[in-house]
Amino acid sequence: MKKSIIITVAFLGLIFASCEKELDLNSPNDITVDQYWKTESDAQAGVNSIYAMFYKDGLWARWIYFRLDLTSDEGYSVSPWTELADWTRFNYINYNFWEGNAVTWRDTYKAIFRCNQVLANVPNITFQNEDAKKRIIAQAKFLRALHYYYAAVIWEDIPLVLDPSTPADLPKQVKVTEIWAQVEKDLNEAYADLPRDWSGADIGRPDKGATKSFSCKSVYAATQMG
């Protein structure tokens, strides 16, 4: 009996060791960060991926409207869904509430992560036209400011992440005043390199006017919230 147990344990050990080795294999089809950020098209695709976050349900495709409208004079809820109705009462009790809270947090920081990827890697890419590089970086700064603006409005004191994060990171929460300061910094730097207007397929991207008006909006919010 004892011999059978020893053989079984040894056999299972071989199976788990084999599985662990298989799971640790890197896919030859995956593109690593070091391989990706090389060309102008990589940079353009990188900044376009930030815009793609507007289609996520935690942000402007769905839930952020609830968060903003239900805490304003424009919206009211008598829903039996307690967590949803609590927003109109300014009660934020269940931070694990997925719809409009956890999912909005997830998508906000995913968008910020994409901004940080562009800001960390695009400066190292060689462009034929340096102004084109500056415009891509400026868009990432504007979009990072936009997402931090709404995160500050919703949650106030939050982590401020300015570099590409890793799964092991535990970013520290900072005061909302630091968030407003970073929003202003990003917007001011974006304003310097964004065009007065865009043309063709680029219409709709942030320009100098959008940056300046959003800067005024953030200053007003900062003075109201401290």
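Residues numbered from 1 in each chain as written. Predicted model: local features only at pLDDT ≥ 70, side-chain atom pairs only at ≥ 80, totals over all residues. Heavy atoms only, no water.

Student: Looking at this model, I keep getting lost on the overall build of the protein. Mind explaining?
Tutor: Counting its regular elements, the protein contains 9 helices and 2 strands. When the elements of the protein are put in sequence order from the N terminus, they spell out α-α-α-α-α-α-α-β-β-α-α. By the burial criterion, 38% of the 226 residues in the protein qualify as buried. Of all intrachain contacts in the protein linking residues separated by at least 6 positions in sequence, the fraction that spans at least 24 positions is 60%. (Helix = DSSP H or I, 4+ residues; strand = E, 2+ residues; numbered from the N terminus. Buried < 20%, exposed > 50% of the residue type's maximum accessible area, 1.4 Å probe, protein only. Contact = heavy atoms within 4.5 Å.)

Student: Would you mind showing me how to read the side chain of T211 here?
Tutor: Summarising the element assignment, T211 is placed in helix α9 (residues 208-225). In this structure, T211 is in contact with F142, L187, A190, Y191 and L194, ignoring residues within four places of it in sequence.

Student: Please explain the packing of helix α7 (residues 130-155) against helix α8 (residues 176-193) as it appears in this structure.
Tutor: A pair of packed helices can be characterised by two numbers: the angle between their axes and the separation between those axes. The contact between α7 and α8 brings their axes to 8 Å, and the two run at 155 degrees. The angle between α7 and α8 falls in the class roughly antiparallel. With respect to the hand of their crossing, α7 and α8 are arranged in left-handed fashion. Here K134, R135, A138, K141, F142, R144, A145, Y148, Y149, A152 and V153 of α7 come into contact with α8, specifically with V176, I179, W180, Q182, V183, D186, L187, E189, A190 and D193. Here the contact of α7 with α8 is composed, by residue class, of 13 nonpolar, 1 polar and 7 charged. (Axes fitted to C-alpha atoms, helices over the stretch in contact; angles between N-to-C directions. Parallel < 35°, antiparallel > 145°, perpendicular 65-115°, else oblique. Left-handed = near helix turned anticlockwise from the far one by under 90°. Nonpolar A, V, L, I, M, F, W, Y, C, P; charged D, E, K, R; others polar.)

Student: It is not clear to me how the packing of helix α3 (residues 40-51) against α7 should be interpreted in this structure. Could you clarify?
Tutor: Two numbers describe how α3 lies on α7: the axes approach to 10 Å, and their chain directions differ by 20 degrees. One way to sum up the angle between α3 and α7 is to call them roughly parallel. Read as a crossing pair, α3 and α7 show a hand that is left-handed. On the side of α3, the interface is formed by A43, Q44, V47, I50 and Y51, while α7 contributes I136, Q139, A140 and L143. Each residue belonging to the contact of α3 with α7 can be placed in one class, and the counts come to 7 nonpolar, 2 polar and no charged.

Student: How should I be thinking about the confidence of the model for the protein in this particular structure?
Tutor: The predicted coordinates ought not to be read in detail in places where the model reports low pLDDT. Scored by pLDDT, the protein comes out at a mean of 86, with 84% of its residues at no less than 70. When the criterion is pLDDT under 50, residues 8-12 qualifies, and its contacts beyond four places in sequence or with other chains add up to 0 contacts. (pLDDT = per-residue confidence, 0-100.)

Student: Could you clarify how one ought to interpret the packing of aromatic side chains in this entry?
Tutor: Here a ring pair, both rings aromatic, is described through the centre-centre distance and the interplanar angle of the planes. Counted according to the given criterion, the structure contains 15 aromatic pairs. Here the aromatic rings of F142 and F214 are separated by 5.9 Å at their centres, their planes lie at 55 degrees, and the arrangement is tilted. Remark: F214 occurs in helix α9 and F142 occurs in helix α7; sequence separation between them is 72 residues. The burial state of F142 is the same as that of F214; both residues are buried. (Phe/Tyr/Trp six-rings, centres within 6.5 Å; stacked < 30°, edge-to-face > 60°.)

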